[in-house]
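Now for the letters of each chain:
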Amino acid sequence: MTRAASYRNLWLITWLMAAGLAVVAVRLTYIQIINPQEPEPLSSNNPEVQRMRPARRGAIHDVNGTVLVQSQMAAIIRADPVRLGAFTGDVARLASHYLKMPESDLLARFRPVPVTTTRHSVTTNAGVVTTNSQVVQRVLRSNLVASNVPPEIWDHLSAALWTNRFEVELRLKADRSNIVAEARSAMEAAPWWNLPARWQISRDRAARLKVLRREERLLRTNLLECRNSGLYAEYVELRRYPYDHVASHVLGFTTNRSDEVRGHRSLPVALGGAQGIEQRFDQALRGRPGMIKTRVVGGREYVPLRQRNVEPVDGLNVSLTLDVQIQDAVERALDAAVERLNPLAISAIVVRPETGDILALANRPTFDPNNRRLILTSGASDPMSAFKNRAINEPFEPGSTFKILTYAAVLNEGLASPEEMIDCHGGRWTVPGTRRVIRDDQGHYMNRVSVLEAFAKSSNVGAVALGLRVPTNRFVQYIRDFGFLSRTDIECGEQELRLRVRPVVKAPGVTNYVTNVVTLFGETPGVIPSWDGWTPSSLPFGYGLRVTPLHSLMAAAAVANGGILMKPRLVRALETPDGQVVREFPVQPGRRVLEPAAAEKMLALMEAAVEQGTGGAAALDEFEVAGKTGTAKKFVKGGYTSTHYYGSFVGFFPAHKPAAAIIVTVDEPTTAGKAYYGGKAAAPVFRQIALDIANVMKLAPTVMPTNAPAAMGGDIRASNQLVRQP
């Protein structure tokens, strides 16, 4: 090859490279200056986002781990008609598939709703105040589309909005293809030598594509708004109660917290406990939300650019001492009693005497935490009463069940024995030194009887005569020792704020008193509302003081526990979702209130009340039962009435190795006759609950009837000889 040929090749390569660079320069000039492209959606508009990750509220379990309350996340989907704009039909078509709703219904919910508001402005000019009002028309931008939607359904719908092309996008794509195809066909039809015609075809194609690109840019902005916030979700946390009304007064319920502002749309509305365990352990149940700080490109998270990832911490689970099987048995027994007695209210509590564990607690009327509105719209005269936990929050005069304390105090002080004969004065006795007349109920008139029989037949005269043997201040101290005038500190009940004064020693001889607001949970304490000359003779048979059913039950459980009063325990532990114990609530050491010998004597008296006395309807064929009936007149409009009563029964079984202590209180049973008596209204309910508990606990029988036919009725002393099993 000659030198001239080499130079020609070099120049050819140089010109080709220069031509290529010129083409690139022209293209860059067109892209960057003549026709700059819009940025990718969300890539530079708002690339850095922060998303909150909600925490799940803790669950509540019974003693066996059965779930009584749990949380479920859901989404409320809302629409912004302004952002939807011309894409309403496309969005309705997609949403109809995922939400399983007719497209016509969705179109109706997407329709703009005009709202009229009045704006007021105040101006001041030279001391003259002028108020201007302006009526403004606007469009509601938060139309409700669907509620309680599973979050995964919303995730699929949201992804579909970004990945599916709308009709207008498909039309523009088709228009672009048609413009290019028409220009190509025209170019092929024009002769190659007809340069002016081919040039005109190119110019027409460019002009049409320019108009199309302008429409695409506008469409891209509108699509971004539609897909980003045309449909949006507000997350809510729903509390589910699988057993409906079972243990509703213990579990409580939640409401939306009005004192907290939701910081992000992806966070659910904060729930706050409003009653029961939900309120008492609200802080532990809540949990702590997490957060993701990342970058988004094209509407999607670009995971390699994730800057921060804080995992949410779910709330703690609360483990209760309740047994859902025993609780359900109590609930069914109360429902049957409501049908039979038609009372104003009825309550029952079951406790394990040796530990104080609450195994069941129920009230009627009640409510379903899943649907609280149902009770509010039921037409009841006082629907709010269904939410009251009467078993621990409604003190009443206990009547004859309080005689357990009276006889226990007398026996513990050594002032009487079960075999001692006392005079019941034929059922009518005037208290010495007063004009107070104590009367026994009709059918309980007795003269000289043993202390045991006076207790078994529930003689008011006998109780007062024995109670007055104990000095008044000492008797009141027994009331305090048995816990009747204080809280039992059960981990449940309504919230109460109290002021507590605490002394703080600043220097020798200098003490400041600091007042703090203390939040208390639990039952209402018992109270002696007033004191007069009749009070000492009223207390021994259960009048003149007001206590809750829980107070009466724990006092009877102290007798069952050999004279040791336990604190009731409702919560066993706080646990993480994976079962690790964070805080344990152990059984608290009891306090001795009776000597063992006195407790044994009281046990014999309470057995006699069931076997020989007023509590016969509570007797069980296979177990010894110890208990006491109670019937108290209600104080109405300044006096005691003979038409409004409390009937109650408290007891435990098996008597000599108690597995459960039970109290049943009935407020105003309205069945005709003497059904308001505790022995007729409450004792049969006790019996039904005890039978179910024996089946649940699989208790072995402790007695065996030797004469089964006679054991079904008649005098238990004559016809039913019981043989105790070792």
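One can find the structure itself at the top, above this paragraph.
Please read all numbers here as calculations on a predicted model, not as lab measurements.

Cut-offs applied
Once a new chain begins, its residue numbering starts again from 1 and follows that chain's sequence as written. Where local features are concerned, this predicted model is filtered to residues with pLDDT of at least 70; where side-chain atom pairs are given and counted, the filter is 80 or more; whole-chain, interface and lining totals use all residues. With hydrogens and water set aside, each side-chain value is computed from the structure's full complement of heavy atoms. Secondary structure elements are taken from DSSP: a helix is a run of H or I of four residues or more, a strand is a run of E of two residues or more, and numbering for both begins at the N terminus. Throughout this description, buried means an accessible area under 20% of the type-specific maximum (1.4 Å probe, protein chains only), exposed means over 50%, and partly exposed covers the range between. To be clear on the numbers: accessible area is Shrake-Rupley with a 1.4 Å probe, and residue cover counts the displayed protein chains and nothing else. At least two DSSP bridges between two strands are required for those strands to pair. Each axis is a line fitted through C-alpha atoms, and for a helix only the stretch in contact is used; angles between axes span 0 to 180 degrees, taken between their N-to-C directions. Contacts are assigned to residue pairs with any non-hydrogen atoms lying within 4.5 Å of each other. Under the pairing criterion, centres of Phe, Tyr and Trp rings, with the six-membered ring standing for Trp, must be within 6.5 Å; the plane angle then separates stacked pairs below 30 degrees from edge-to-face pairs above 60, leaving the rest tilted. Buried residues of nine kinds, namely Ala, Val, Leu, Ile, Met, Phe, Trp, Tyr and Cys, make up a nonpolar core once their side-chain atoms join them within 4.5 Å. What a helix is expected to span follows from its residue count: subtract one and scale by 1.5 Å. Criterion for a salt bridge: a side-chain nitrogen of Lys or Arg within 4 Å of a carboxyl oxygen of Asp or Glu. Patches were defined on residues exceeding 30% relative accessible area and lacking a salt bridge, with like-charge contacts within 9 Å and nonpolar side-chain contacts (Val, Leu, Ile, Met, Phe, Trp, Tyr) within 5 Å. Handedness of a crossing follows from how the near helix is turned relative to the far one, being left-handed for an anticlockwise turn of less than a right angle and right-handed for a clockwise one. Nonpolar residues are Ala, Val, Leu, Ile, Met, Phe, Trp, Tyr, Cys and Pro. Charged residues are Asp, Glu, Lys and Arg, and all others, Gly as well, are polar. An angle counts as roughly parallel when it lies under 35 degrees, as roughly antiparallel when it exceeds 145, as roughly perpendicular when it falls between 65 and 115, and as oblique in every other case. In the analysis that follows, any N or O atom pair within 3.5 Å is treated as a polar contact, provided that within protein one partner can donate a hydrogen and the other can accept it, and provided that, for residues neighboring in sequence, both atoms belong to side chains.

Chemist: Give me the overall build of the chain: which residues, what numbers.
Modeler: Scanning the chain from N- to C-terminus turns up 24 helices and 30 strands. Taken across its 726 residues, the chain has 45% of its residues classed as buried. With an accessible surface of roughly 37200 Å², the chain has 53% of that area assigned to carbon and sulfur atoms.

Chemist: An account of the sheet that holds strand 27 (residues 639-653) is requested, with residue identities and associated values reported.
Modeler: The strand order across the open sheet formed by five strands is 15-14-28-27-26, and the pairing between neighbours is antiparallel. In the strand order of this sheet, the two ends are held by strand 15 (357-364) and strand 26 (626-636), each with one partner. Neighbour-to-neighbour, the strand axes of this sheet turn through a mean angle of 15 degrees, independent of strand direction. Lying over the sheet, helix 20 (residues 596-611) contacts strand 26 and strand 27, oriented at roughly 75 degrees with respect to strand 26.

Chemist: Summarise the packing of aromatic side chains; cite the residues concerned and give the values.
Modeler: Following the criterion strictly, the structure yields 15 aromatic pairs and no others. Geometrically, the ring pair formed by Phe 367 and Phe 387 is tilted, given 4.7 Å between the ring centres and 35 degrees between the ring planes. Residue Phe 367 is found in the loop between strand 15 and helix 12 (373-376), and its partner Phe 387 is found in the loop between helix 12 and helix 13 (390-393); the two are separated by 20 residues along the sequence. Take Phe 367 and Phe 387: they sit in the same class, and that class is buried. Here the aromatic rings of Phe 623 and Phe 653 are separated by 5.7 Å at their centres, their planes lie at 75 degrees, and the arrangement is edge-to-face. Separated by 30 residues along the polypeptide, Phe 623 in the loop between helix 20 and strand 26 and Phe 653 in strand 27 bring together distant segments of the chain. Phe 653 carries the same exposure label as Phe 623, and that label is buried.

Chemist: Kindly report on the environment of Pro 418, identifying the contributing residues and their values.
Modeler: Topologically, Pro 418 is positioned in the loop between helix 14 (403-412) and strand 16 (421-423). Pro 418 gets classed as buried once you look at its relative accessible area, which sits at 8%. As a C-alpha pair, Pro 418 and Phe 455 span 37 residues in sequence and 9.2 Å in three-dimensional space. If near-sequence neighbours (up to four positions away) are discounted, Pro 418 is found in contact with Leu 411, Ser 450, Val 451, Leu 452, Lys 601 and Leu 605.

Chemist: Give a description of the nonpolar core that names residues and reports values.
Modeler: Grouped together as the largest cluster of nonpolar side chains are 97 residues, with contacts concentrated most on Leu 320, Phe 482 and Met 602. Looking at which element gives the most residues to this core, the answer is helix 19 (residues 549-560), with nine residues. Ignoring any residue separated from it by four or fewer positions in sequence, one finds Met 602 in contact with Ile 404, Tyr 407, Ala 408, Leu 411, Phe 455 and Val 559. If you look at the next biggest cluster of nonpolar residues, it comprises 33 residues, including Leu 359, Phe 653, Val 664 and Ala 683.

Chemist: Could you give an account of helix 19, with specific residues and numbers?
Modeler: Between its first and last C-alpha, helix 19 extends 17 Å over twelve residues, near the 16 Å set by a 1.5 Å rise per residue. Counted residue by residue, helix 19 has twelve buried out of twelve residues, so it is predominantly covered. All of the buried residues in helix 19 are Pro 549, Leu 550, His 551, Ser 552, Leu 553, Met 554, Ala 555, Ala 556, Ala 557, Ala 558, Val 559 and Ala 560. Phi turns positive one or two residues past the end of helix 19, at Gly 562, with a value near 75 degrees.

Chemist: Describe the pattern of salt bridges, with residues and values.
Modeler: Two side chains that carry opposite charge are able to pair once their charged atoms sit near each other. Evaluation of the coordinates by the stated rule reveals 25 salt bridges. Here Glu 413 makes a salt bridge to Arg 474, at a shortest N to O gap of 2.9 Å. Placement of the pair is Glu 413 in the loop between helix 14 and strand 16 and Arg 474 in helix 17 (residues 472-481), with a sequence separation of 61 residues. Residue classification places Glu 413 among the partly exposed positions, given a relative accessible area of 32%.

Chemist: Before we move on, can you summarise a nonpolar patch on the surface with the specific residues and values?
Modeler: Taken together, the side chains of Tyr 7, Leu 10, Trp 11 and Trp 15 make up a nonpolar region of the molecular surface, amounting to roughly 550 Å² of accessible area. With respect to the helices and strands, the residue Tyr 7 is situated in helix 1 (residues 3-34). Classification of Tyr 7 as partly exposed rests on a relative accessible area of 47%.

Chemist: Which residues make up the packing of helix 14 against helix 17, and what values do they have?
Modeler: Where helix 14 contacts helix 17, the axes come no closer than 10 Å and their chain directions differ by 115 degrees. For helix 14 against helix 17, the interelement crossing comes out right-handed. Judged by residue contacts, Leu 405, Thr 406, Ala 409 and Asn 412 of helix 14 engage Phe 475, Tyr 478 and Ile 479 from helix 17. Partitioning the contact of helix 14 with helix 17 into residue classes produces five nonpolar, two polar and no charged.

Chemist: Just give me the short version of unusual backbone geometry, but keep the residues and values in it.
Modeler: With an omega of 5 degrees, the peptide bond running from Arg 364 to Pro 365 counts as cis. Structurally, Pro 365 can be placed in the loop between strand 15 and helix 12. With an omega dihedral of -25 degrees, the bond running from Phe 653 to Pro 654 counts as a cis peptide bond. Inspection of the secondary structure assignment puts Pro 654 in the loop between strand 27 and strand 28 (660-667). A positive phi angle is found at Asn 148, which is not glycine, with a value near 55 degrees. Relative to the helices and strands, Asn 148 resides in strand 6 (residues 143-149). Its identity is not glycine, yet Lys 637 carries a phi of approximately 55 degrees, on the positive side.

Chemist: So, the packing of helix 6 (residues 167-189) against helix 7 (residues 195-229): which residues are in play, and what are the values?
Modeler: Running from N to C, helix 6 and helix 7 point in directions that differ by 170 degrees, and their axes come no closer than 10 Å. Judged on the interaxial angle alone, helix 7 and helix 6 are roughly antiparallel.

Chemist: Break down the pairing of strand 13 (residues 317-320) for me, citing the residues and quoting the values.
Modeler: Here strand 13 shows a buried face lined by Asn 317 and Ser 319 and a second buried face lined by Val 318 and Leu 320. With two bridges connecting them, strand 2 (residues 60-61) and strand 13 associate as parallel partners. Directly across from Ile 60, in strand 13, lies its bridge partner Val 318. With four bridges connecting them, strand 13 and strand 23 (residues 571-575) associate as antiparallel partners. Bridging from a neighbouring strand, Asn 317 pairs with Glu 575 of strand 23.

Chemist: Account for the environment of Val 559, naming residues and giving values.
Modeler: Relative to the helices and strands, Val 559 is located in helix 19. For Val 559, a relative accessible area of 3% corresponds to the buried category. C-alpha of Val 559 to C-alpha of Ile 404: the two residues are 155 residues apart in sequence and 8.8 Å apart in space. Each residue touching Val 559, except ones within four places of it in the same chain, is listed here: Ile 404, Leu 594, Ala 599, Met 602, Leu 603, Met 606 and Phe 652.

Chemist: Tell me what's going on with the side chain of Thr 576, and back it up with residues and numbers.
Modeler: Here Thr 576 shows up in the loop between strand 23 and strand 24 (581-584). Given the relative accessible area of 18%, Thr 576 is considered buried. Of the polar contacts made by the side chain of Thr 576, one reaches the side chain of Asp 578; its length is 2.3 Å.

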